[in-house]
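# A look at the structure
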Amino acid sequence: MPRKAKATYKGVVKRSFTKRSTSGKIKSTKQSVDGIKFASQLEAFTYKKLKEAGLDFDYEPRSYEIFPGFTYPGDTWEQVGKKPDLENKGMKKVLPITYTPDFVAKDESWFLECKGFANERFPYVWKMFKKRMSGKKDAPLLFVPKNQKQVQFCIEEILKLSC
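The present account deals with the structure reproduced in this document. Remember, it's a predicted structure, so these values are computed and weren't measured experimentally.

With that settled, consider the overall build of the protein chain. Within the protein chain, the regular secondary structure consists of 3 helices and 14 strands. A burial count over the protein chain gives 26% of its 163 residues as buried. Contacts in the protein chain between residues at least 24 apart in sequence constitute 51% of all its contacts with a sequence separation of at least 6. Carbon together with sulfur atoms contributes 53% to the accessible area of the protein chain, which is approximately 11600 Å² in total.

The next subject is unusual backbone geometry. The residue Asp34 is not glycine, and still its phi comes out positive at about 55°. With respect to the helices and strands, Asp34 occurs in the loop between strand E3 (31-33) and strand E4 (36-38). By relative accessible area, Asp34 is classed as exposed at 52%. Notably, Glu108 is not glycine yet its phi reads approximately 55°, a positive angle.

A word on the nonpolar core. Within the largest apolar cluster, 20 residues are counted, with the highest numbers of intra-cluster contacts made by Phe38, Leu50, Leu55, Phe57, Phe103, Trp110 and Leu112. Counting residues in each nonpolar core, the second largest holds 10 residues, with Tyr64, Ile66, Val104 and Trp126 among its members.

Here the focus is the pattern of salt bridges. Following the criterion strictly, the structure yields 8 salt bridges and no others. When the shortest N-O distance is used, the salt bridge between Lys51 and Asp34 registers 2.8 Å. In this pair, Lys51 sits in helix H1 (residues 41-52) while Asp34 sits in the loop between E3 and E4, placing the two residues 17 residues apart along the sequence. Where Glu113 meets Lys115, a salt bridge forms, and the shortest distance between an N and an O atom there is 3.4 Å. For Glu113, a relative accessible area of 3% corresponds to the buried category. Residues joined by salt bridges that share partners form a network here, namely Arg62, Glu108 and Lys136.

A word on the environment of Lys89. Mapped onto the elements of the fold, Lys89 is located in the loop between strand E9 (86-88) and strand E10 (93-94). For Lys89, a relative accessible area of 30% gives the class partly exposed. Expressed as a C-alpha distance, the spacing of Lys89 and Gln79, which sit 10 residues apart in the sequence, is 9.2 Å. If sequence neighbours within four positions are ignored, Lys89 has contacts with Thr76, Glu78 and Val80.

A few words on the sheet that holds strand E12 (residues 103-105). The 4 strands lie next to each other as E5-E12-E13-E14, forming an open sheet whose pairing is mixed. Strands at the two margins of the open sheet, each flanked by one partner only, are strand E5 (57-59) and strand E14 (141-143). Along the sheet, successive strands turn relative to each other by an average axial angle of 15°, direction set aside. Bridge count for E5 against E12 is 3 bridges, and the pairing is antiparallel. Bridge assignment links Asp58 to a residue of E12, and that residue is Val104. Lying on the sheet, helix H2 (residues 122-134) is in contact with strand E13 (110-112) and E14; it crosses E14 at an angle near 170°. Here helix H3 (residues 148-162) sits on the sheet in contact with E13 and E14, set at roughly 170° to E14.

Conventions adopted
Residues numbered from 1 in each chain as written. Predicted model: local features only at pLDDT ≥ 70, side-chain atom pairs only at ≥ 80, totals over all residues. Heavy atoms only, no water. Helix = DSSP H or I, 4+ residues; strand = E, 2+ residues; numbered from the N terminus. Buried < 20%, exposed > 50% of the residue type's maximum accessible area, 1.4 Å probe, protein only. Contact = heavy atoms within 4.5 Å. Areas by Shrake-Rupley, 256 points an atom, 1.4 Å probe, with all protein chains shown as cover. Core = buried A, V, L, I, M, F, W, Y, C linked by side-chain atoms within 4.5 Å. Salt bridge = Lys/Arg side-chain N within 4 Å of Asp/Glu carboxyl O. Pairing = 2+ DSSP bridges. Axes fitted to C-alpha atoms, helices over the stretch in contact; angles between N-to-C directions.

Pasting the structure below:
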């Protein structure tokens, strides 16, 4: 579990912990703005700042397939859930891997993904998404801010693009 050191009175150091559920997932504080439910406070902050800047964008407009689904032709023996035995999962369709960015320009000239604390999956998904976007004629700007200061920087860069 990540720890943050905090300086306190007389040099005593206290530790604060990131919120995590018992399953190990990072729990963020949900927030609603303009009737839209955001997955985190950072997403809500970003939404407000993008609106204030007068940018034309959508929140989670669609998912992008970043790795196609397929059917494996042979047997694959895998543990399913918490059962101790292996089951044959072969000859079944493996679903595609999809990714839904948080904020996308209407013209898809930029993508912004708020990530306070990334889970184990995100670096792989982001790498595949970047690969998919690299195939576009005009590669869009991609941003992954982790705090409000970085969100402000991203918006400044987007506004430079708009000029």
